[in-house]
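Per-entry structural report
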Amino acid sequence: MELNYFKDQLFDLLNESELDLAEIESDERANTFTVYITDGSKFELECRAVPDDHSR
């Protein structure tokens, strides 16, 4: 799966969630989402591909 496709799907998941989201900011260059919750909380999610270690 490509990273950009994963990020698109994650963004959709966040938007459709039951969380009380105030806003989602996407930084394409940094591959991050900053998620603001209506209670004032703020979270940053970083997306990156990791090499497959074949251990699973």
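All values derive from a computational prediction rather than experimental measurement. (Residues numbered from 1 in each chain as written. Predicted model: local features only at pLDDT ≥ 70, side-chain atom pairs only at ≥ 80, totals over all residues. Heavy atoms only, no water.)

**Things to note about the overall build of the protein**
Summing up its helical and strand segments, the protein has one helix and three strands in all. Helices and strands appear in the protein in the N-to-C order α-β-β-β. When the backbone C-alpha atoms are referred to their principal axes, the protein occupies close to 40 × 25 × 15 Å. Within the protein, the fraction of its 56 residues that count as buried is 20%. The long-range share in the protein, meaning contacts at least 24 apart out of those at least 6 apart in sequence, stands at 19%. In the structure as shown, the protein presents an accessible area of about 4,900 Å², 47% of it carried by carbon and sulfur atoms. The positive charge centre, built from 5 side chains, and the negative charge centre, built from 15, are 8 Å apart in the protein. (Helix = DSSP H or I, 4+ residues; strand = E, 2+ residues; numbered from the N terminus. Buried < 20%, exposed > 50% of the residue type's maximum accessible area, 1.4 Å probe, protein only. Contact = heavy atoms within 4.5 Å. Areas by Shrake-Rupley, 256 points an atom, 1.4 Å probe, with all protein chains shown as cover. Lys, Arg positive; Asp, Glu negative; His and termini not counted. Charge placed at Lys NZ, Arg CZ, Asp CG, Glu CD.)

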